[in-house]
Amino acid sequence: MELLEVRNLKTYFKTQKGMVKAVDDVSCSLSYGKVLGLVGESGCGKTTTALSIANLLPPEGRIVGGEVLLEGEDLMGLSAGKLRKKRWKEVSIVFQGAMNALNPVMKVGLQIAEVLMLHDKLTYEQAMIRTKELFKLVEIDEERVNQYPHEFSGGMKQRAMIAMALACNPKIIIGDEPTTALDVMVQAQILNLLEKLKNEINMGLILITHDLSVLGEICDDVAVMYAGKIVEKGKVEDIFENHQHPYTYKLMNAFPNIYGERKLSDSIPGNPPNLLEPPSGCRFHPRCEFADERCKTKEPMLAEVGHRHFAACHYGGVFK
Amino acid sequence: MKRSYVIKKVLQALLTIAAILIFNYFLFRIMPGDPLQSVMRNPKATPEAVERLKALYGLNDPWYLQFWIYIKHLFQGDLGMSFLYKKPVYEVIGTRLLPTILMVGLAEVLAIISGIIMGIMAAVRRGKSVDVASLSFSLITYAMPTFWLGIILVSIFSVSLHLLPTTGLLTPGQTYSSTFAMLADGIRHLILPTLTMSLVLIGEYALLMRNTLIDVLTEDYITTAYAKGFKEDYVIKKHAVPNATLPMITIIAMNLGLVIGGAIQVETIFSWPGIGRLMYDALTARDYPLLQGIFLMITVCVIIANLLADLTYGYLDPRVKQ
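Just so you know, these numbers come straight off a predicted model, no measurement behind them. Along each chain, residue indices are assigned from 1 in the same order as the chain's sequence is written. Lettering of chains starts at A and numbering of ligands starts at 1, both following the order in which they are written. For a predicted model such as this one, the threshold for reporting local features is a pLDDT of at least 70, and the threshold for listing and counting side-chain atom pairs is 80 or more; totals across whole chains, interfaces and linings nevertheless cover every residue. To get the side-chain values, take all heavy atoms of the structure and skip hydrogens and water.

A separate point is the packing of aromatic side chains. All names here are of chain B. Think of it this way: a Phe, Tyr or Trp ring, Trp meaning its six-membered ring, pairs with another when their centres are within 6.5 Å, and the plane angle makes it stacked under 30 degrees, edge-to-face over 60, tilted otherwise. Tallied over the full model, the rule gives eleven aromatic pairs over all chains. Judged by centre distance (5.0 Å) and plane angle (85°), the ring pair of tyrosine 25 and phenylalanine 26 falls under edge-to-face. With a 1.4 Å probe rolled over the protein chains alone, any residue whose accessible area is under 20% of its type maximum counts as buried; one over 50% counts as exposed, and the rest are partly exposed. Residue phenylalanine 26 is classed as partly exposed on the basis of its relative accessible area, which comes to 27%. Pairing phenylalanine 26 with tryptophan 63 gives two aromatic rings, centres 5.6 Å apart and planes at 70°, and the pair type is edge-to-face. Here phenylalanine 26, found in helix 1 (residues 3-30), pairs with tryptophan 63, found in helix 4 (residues 63-75); they are 37 residues apart in sequence, far enough to count as distant. Tryptophan 63 sits in the exposed class, given a relative accessible area of 55%. In this description a helix means any DSSP run of H or I spanning at least four residues, a strand means any run of E spanning at least two, and both kinds are numbered starting from the N terminus.

Following this line, the structure appears as structure tokens:
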């Protein structure tokens, strides 16, 4: 049994102008002790996918279809109370930009302790002891439990967030750009920490990022998202070295290569599509230099192009 | 809280009070109208009599000497004599202080509590009927002129229903069988002015609370709190409200300072013997010393209230302490 399986997830946002199909038919899975990377441009639905897993969408957002199976149990079918018991205990989230993810008027230690008191039924004293252990684990001076978020540096806040995410020994941690806005040294520290912890407690990790170097470093599998859909997914080597979708290809080329010439990387022409009225056919066709009539009218399905390697392109691989 | 923060804030407040003293003094010197006229109330006074009076009040002295005397007397607790009441100003103000603090203070407390509760309910159920109802209520009462609202309440509760008295602190000429009976009579008199006053204030508090809370609810740490598996009640109470009360403190403190100043409109309508009413009387009678004394007291109260707000803020928001 897979640790987590997301099947045909559809999350739409109701706006005044109409339905925004932020996540449209997304399927992916995660095994114990593995890291799944979700990559794509801003607004492609990465974060919405993550929030949908624990059903944490804002009031305008609704999951209109699909299943989220955590060890075989569909989270969508759970009552609000049962789902609350699973949140953080089984699936915790390290939010994007930990700058605002911590409550500014509450001591950091208490923000971690409160979750232990809720799920593990610890007393305040026990929870604080455990919080100090967690601080040690993420290499923050344990005296800092009584400090407020503004007394922490950016990297420390992010590590405190990770400590919080680890508090109840969850089965899955979702890292929503956990290293964005941090300098490379801190970034490396945090990634190492996540990888180490993942191996130690055999949990699954979903890493949302638009930083390809992060992906290459610690992911086992990668899913590339474009305009609310997964356009390619597979093992990290396949995605990096044997990509079959033009968008993945463009994404890889947009990233500077330290061994290559010193030139400005290619950008992908055009803008991400408007999800109120997504393009017909293949959603990437207006920006794809290989697109033809067929791409404009017929939507390509995810098709197996290799062992556990899927791509949604009519010309899978042959465009190069 | 850091001691340096407290000291800094106290010094700032003292400096402001000093500036107010100077401003307050000269404001009354440049105001139109001749103080002698108000004292004498006799247009046919002989020039000799005017001169005598000028000498008596020290009006012939140069301005800096007058100012020096004013400051000196002030530190001795002497605010001058009221023209109207022929009694020391501090004594006149003293007798009016309690009714005002009682009425406006009670109204503030009621308005703050119900305003905050209304604001929270509206923000949490944003767009639902609770929100629409509380928003309409707040906007209507906020926009209503105080004197008009007071008169309407009088016409309903006193004139039509004969439930409550219209004016004063107690029923005039009444003899009471016990202190309890007197207290009951006082409370009956207190209801209408307090109600008017708090209705006027609720809207402001409810609207501010609602808007700040709506902003706070979109913050990332609120999503974090929900992701941690907490119930809505807990998230609102422990994470959202503490963050949303910060702007409330400022506005509450500013209004609390004005409590002492009383509410001229409410006190006038209900003939409530408070500071607001006194200010109105002093103004119509051109009783400069009394007016000056009231102004000084109100400004000092506002400054003290602001100082308290700063200190509370420093206590509630850890970021301010630094």
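Here we come to the nonpolar core. Most often, soluble globular proteins have nonpolar side chains that are buried together. Membership of the largest hydrophobic core comes to 98 residues, with the highest contact counts inside it found for A:Leu4, A:Trp88, A:Ile162, A:Ile174 and A:Ile206. When residues in this core are grouped by element, the largest group, eight residues, is from helix 6 (residues 154-166) of chain A. The contact criterion used is simple: two residues touch if any of their non-hydrogen atoms lie within 4.5 Å. Setting aside residues no more than four positions away along its own chain, A:Ile206 makes contact with A:Leu4, A:Leu30, A:Leu36, A:Leu38, A:Ile53, A:Ile173, A:Ile174 and A:Gly175. Counting residues in each nonpolar core, the second largest holds 42 residues, with B:Met103, B:Leu201, B:Ile202 and B:Tyr205 among its members. Only buried residues count toward a nonpolar core. Its members are Ala, Val, Leu, Ile, Met, Phe, Trp, Tyr and Cys residues joined through side-chain atoms within 4.5 Å.

Attention shifts here to the domain arrangement of chain B. Residues and elements named next belong to chain B. In this entry, domain limits derive from an automatic or database-based domain assignment. Annotation of chain B at the domain level lists domain 1 (3-32 + 95-321) and domain 2 (35-78). Here domain 1 and domain 2 have C-alpha centroids that lie 38 Å from each other. The partner domain 2 presents nine residues to the eleven residues of domain 1 that form the contact. Defined here as a combined quantity, buried area equals the accessible surface (1.4 Å probe) lost by two parts on assembly, summed across both. Each partner contributes to the roughly 770 Å² buried at the junction of domain 1 and domain 2, and carbon and sulfur atoms together form 71% of this total. Taken as a group, Leu21, Tyr25 and Phe26 account for 55% of the area that domain 1 buries against domain 2, more than any other trio of residues on that side. Any carboxyl oxygen of Asp or Glu within 4 Å of a side-chain nitrogen of Lys or Arg constitutes a salt bridge here. At the boundary of domain 1 with domain 2, the tally comes to zero salt bridges. A 3.5 Å cut-off defines polar contacts: any pair of N or O atoms within that distance qualifies, except that in protein one atom must be a possible hydrogen donor and the other a possible acceptor, and neighbouring residues in sequence count only when both atoms are side-chain atoms. Counting every contact that joins domain 1 to domain 2 gives one residue pair in polar contact (both at pLDDT 80 or more). If you list the elements that add at least two residues to the side of domain 1 that touches domain 2, you get helix 1 and helix 13 (288-316). With six residues, helix 1 is the largest single contributor of residues to the side of domain 1 that touches domain 2.

Note on patches: the residues involved have over 30% relative accessible area and no salt bridge, like charges join within 9 Å, and the nonpolar side chains Val, Leu, Ile, Met, Phe, Trp and Tyr join within 5 Å. Residue burial considers only the protein chains on display, and all accessible areas are found by Shrake-Rupley using a 1.4 Å probe. Taken together, the side chains of B:Phe147, B:Trp148, B:Ile151, B:Ile152, B:Ile156, B:Leu161 and B:Leu163 make up a nonpolar region of the molecular surface, amounting to roughly 640 Å² of accessible area. Its location among the elements puts B:Ile151 in helix 7 (residues 146-160).

Once that is clear, we can look at the environment of B:Glu219. Residues and elements named next belong to chain B. Note on placement: glutamate 219 falls in the loop between helix 8 (179-217) and helix 9 (220-227). Given the relative accessible area of 29%, glutamate 219 is considered partly exposed. C-alpha of glutamate 219 to C-alpha of alanine 263: the two residues are 44 residues apart in sequence and 38 Å apart in space.

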